[in-house]
Amino acid sequence: MATEESYPDDLRYHREHDWARIEGDQATFGVTWFAQDSLGDVVFFDPPEVGATVAKDEPYTEVESVKAVSDVIAPLSGEILAVNDEAGTNPELINTDPYGEGWMVKVRLSDPGEVETLIDAAAYKALIAD
Amino acid sequence: MNAETLRRTPLFDAHVAAGGRLVPFAGWEMPVQYEGVAAEHAAVRERCGVFDVSHMGQIGIRGPQAADHLQRVVSNDVAKLAAGGAQYACLCADDGGILDDLFSYLLADRDMDYLTVTNAANHELDLARFRQLADGFDVEVVDCAADFAMLAVQGPEARGIVAALASGELPPRMHTATLEVAGAAALVCGTGYTGEDGVEILVPPDDAAGLWRELLAAGVTPCGLGARDTLRLEVCFHLHGNDIGPDRNPIEAGLGWCCREETGFAGSAAVAAARANGTAERLVALAITGRGIPRPDNPILAGDDRIGTVTSGTFSPSLGIGIGMGYVRSDSSEPGTAIEIDVRGRRREAEIRSKPLYAKST
């Protein structure tokens, strides 16, 4: 099912196993390879509403594997501009392409300074190696 | 509970070697999955999978009044069990509550007369109940849990694969046979918990790893607790601790078929009363008709009335929808009834379905 383990260098990471791809004052969020591997087969993802606000460190949506429901934590604060409806229809994309077609939301950041609190790929890899 | 207090089956190293993800379960460290729940589920539905169920316990009964004693202990009619037969039953409290659900085997050629398989979490309490009810019977109740490892080999190809490793003909469904399997002295039982054909094999703990290795070499897929749960829920087999428990009697649980009150089993008066008077709630199968996955403890609604509670819920890999079981008011328990399930604050449209939720198309 899943791809090879990877943590792209161009992403920033949150210690609750989320990534953010920063593009100016916008960012795309998703969950890391480690998160999808821990979940196992993802069978359900209900995208949140466009226009909803998300708060850094707070849950903004859920993903479900066969066995369990997991909160997805917002790595940064902002307003949801777009959601990945394709992953709602085909939740296995979160397993097969967590950094690409398995993205979850695009957000307009309300406080771009928060980016400084995220960690880089090397620090995230060190975190999950513990 | 920390890792040091968890028990390990004789196959622990084999699970690690097979890439198993081990989790605490009923006091044991058990594999929840290897390759993934969906792949393991499909392997059992389409080919063959093997589950380590060595955490399950066994209670032996021997002595001149073994049959009379077991008749007093379990809900089914033990007298109907012929040598080599297997029978499902409830173990009830005096008030009819379900302490456990069990398979008992009448052994033809062993040092025990009967062997009963217990759920891991209930084994000690079951043993105490068996012994409490042995008063006045000339029997010996023996804890046999340490004597056996247990492997469930399930799927349309299971019998063929096990037969190739066995010294003789496999027992038919709901029967047992003492055979050599992969060189091990085995009690082979035509039972399972997946809705597929297959066998459960009890062997001495030291022989488990060899049997496991032979099965995997024959192409059998190792399967974990995750797939075990999706497989059993699709065919509406009860999970003790979720769908049944001491607060539920067999009648409301839909297990009246394995209760023979005329045998006078412990708890039979309460079960007879529940059968005669009806119960306020019934255990039903349910399916989400749109999006969403029901989970245990989700409220079941009809309009604005809360009519019940989900006891088991998951995503059905075979059906591609959210399924479950739960207790609802008896007057709302007919298959086809439209319901809603409150899944963490979101109402999901669902309906009560007849059991089983999944039936093999032949």
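A.B. asks: Can you help me understand the overall build of chain A in this one?
C.D. replies: The helix and strand inventory of chain A stands at four helices and nine strands. Reading the helices (α) and strands (β) of chain A from amino to carboxyl end gives β-β-β-α-β-β-β-β-β-α-α-β-α. Relative to the 2.2 N^0.38 estimate, which gives 14 Å for 130 residues, the radius of gyration of chain A is 13 Å and therefore close to what a compact globule would have. The buried share of chain A, reckoned over its 130 residues, is 41%. For chain A, restricting intrachain contacts to residue pairs at least 6 apart in sequence, the fraction spanning at least 24 positions comes to 66%.

A.B. asks: How do you make sense of the overall build of chain B when you look at a structure like this?
C.D. replies: Each helix and strand counted, chain B has eight helices and 19 strands in total. Taken against the 2.2 N^0.38 rule, which gives 21 Å for 362 residues, the C-alpha radius of gyration of chain B at 20 Å falls within 12% of a compact globule. In terms of its C-alpha atoms, chain B occupies a principal-axis envelope of roughly 60 × 50 × 45 Å. Across the 362 residues that make up chain B, the buried fraction comes to 53%. In chain B, once contacts between residues fewer than 6 apart in sequence are set aside, the share between residues at least 24 apart is 65%.

A.B. asks: What is the right way to look at the sheet that holds strand β6 (residues 98–106) of chain B in this model?
C.D. replies: Sheet strands line up and pair through hydrogen bonds in the backbone, either parallel or antiparallel. All names here are of chain B. A sheet is described by the order of its strands in space; here five strands give the open sequence β5-β6-β7-β4-β8, paired in antiparallel fashion. In the strand order of this sheet, the two ends are held by β5 (86–92) and β8 (140–143), each with one partner. Along the sheet, successive strands turn relative to each other by an average axial angle of 25°, direction set aside. In this sheet, β8 lies alongside strand β4 (residues 57–62) in antiparallel orientation, the contact comprising four bridges. Bridging across to β8, Arg62 finds its partner in Glu140. Strands β4, β5, β6 and β7 (114–118) of the sheet are contacted by helix α3 (residues 66–73), whose axis makes an angle of about 135° with β4.

A.B. asks: Help me understand the domain arrangement of chain B, please; the structure alone is not making it clear to me.
C.D. replies: For an interface, size is often stated in terms of accessible area lost upon the parts coming together. All names here are of chain B. According to the domain assignment, chain B consists of domain 1 (3–54 + 148–234), domain 2 (57–146) and domain 3 (280–353). Listed by partner, the interface residues are 13 residues for domain 1 and 11 residues for domain 2. With three residues, the single largest contributor to the side of domain 1 that touches domain 2 is strand β10 (residues 176–181). The class makeup of the residues in the side of domain 1 that touches domain 2 is seven nonpolar, six polar and no charged.

A.B. asks: I keep staring at the sheet that holds strand β7 (residues 69–73) of chain A and nothing clicks. Help me out?
C.D. replies: Residues and elements named next belong to chain A. Ordered by their spatial adjacency, three strands build an open sheet running β4-β6-β7, and the pairing between neighbours is antiparallel. Each of the sheet's edge strands pairs with one partner strand only, and the pair in question is β4 (42–45) and β7. Neighbouring strand axes in the sheet, compared pairwise and without regard to direction, differ in orientation by 35° on average. Here β4 runs beside strand β6 (residues 59–65); their pairing, made up of three bridges, is antiparallel. In the strand pairing of β6, Phe45 is matched with Val63.

A.B. asks: Can you help me understand the confidence of the model for chain B in this one?
C.D. replies: Residues shown with low pLDDT carry predicted positions that ought not to be read at fine detail. Residues at a pLDDT of 70 or more form 99% of chain B, whose mean pLDDT is 96. Listed scores for the predicted complex are pTM 0.94 and ipTM 0.87.

A.B. asks: I would appreciate a short explanation of the nonpolar core in the present structure.
C.D. replies: Generally speaking, a soluble globular protein has its nonpolar side chains buried in company with each other. All names here are of chain B. If you look at the biggest cluster of nonpolar residues, it comprises 135 residues, and the most contacted ones within it are Leu151, Val153, Val188 and Ile201. Sorting elements by how many residues they give to this core places β6 first, with six residues. Once residues within four sequence positions are removed from consideration, Val153 is found in contact with Cys48, Val50, Ala158, Ile161, Val162, Gly198, Val199, Ile201, Leu215 and Val220.

A.B. asks: Could you clarify how one ought to interpret helix α4 (residues 123–132) of chain B in this entry?
C.D. replies: An α-helical turn contains 3.6 residues, so any two residues separated by three or four positions project in the same direction. Residues and elements named next belong to chain B. For α4, the complete set of buried residues consists of His123, Asp126, Leu127, Arg129 and Phe130. For α4, the angular spread of the buried residues around the axis is 160°, confining them to a single face. More than 90 degrees from the buried face of α4, the exposed residues found are Ala128 and Gln132.

A.B. asks: Help me out: how do you make sense of the pairing of strand β16 (residues 305–316) of chain B in this one?
C.D. replies: On any regular strand, side chains alternate: one points to one face of the sheet, the next to the other face. Residue and element names in this part refer to chain B. Burial within β16 is extensive, with nine of its 12 residues counted as buried. As judged from the four bridges shared by strand β15 (residues 299–302) and β16, these two strands associate in the antiparallel manner. Paired with Ile300 across the bridge in β16 is Gly308. Connecting β15 to the next strand, β16, in antiparallel fashion are two residues, including Gly303 with a positive phi near 65°. Pairing of β16 with strand β17 (residues 321–329), which is carried by eight bridges, proceeds in the antiparallel orientation. Within β17, the position partnered with Gly308 by the bridge is Val328. As consecutive antiparallel partners, β16 and β17 are separated by four residues, and within that stretch Gly320 has a phi angle of approximately 75°, a positive value.

What counts as what
- Residues numbered from 1 in each chain as written.
- Chains lettered and ligands numbered in written order.
- Predicted model: local features only at pLDDT ≥ 70, side-chain atom pairs only at ≥ 80, totals over all residues.
- Helix = DSSP H or I, 4+ residues; strand = E, 2+ residues; numbered from the N terminus.
- Rg over C-alpha atoms; globule rule 2.2 N^0.38 Å.
- Buried ≥ 20, exposed ≤ 12 C-beta atoms within 10 Å, placed from the backbone.
- Contact = placed C-beta atoms within 7 Å.
- Pairing = 2+ DSSP bridges.
- Axes fitted to C-alpha atoms, helices over the stretch in contact; angles between N-to-C directions.
- Domains from an automatic or database assignment.
- Nonpolar A, V, L, I, M, F, W, Y, C, P; charged D, E, K, R; others polar.
- pLDDT = per-residue confidence, 0-100.
- Core = buried A, V, L, I, M, F, W, Y, C linked by C-beta atoms within 7 Å.
- Arc of directions from axis to C-beta.

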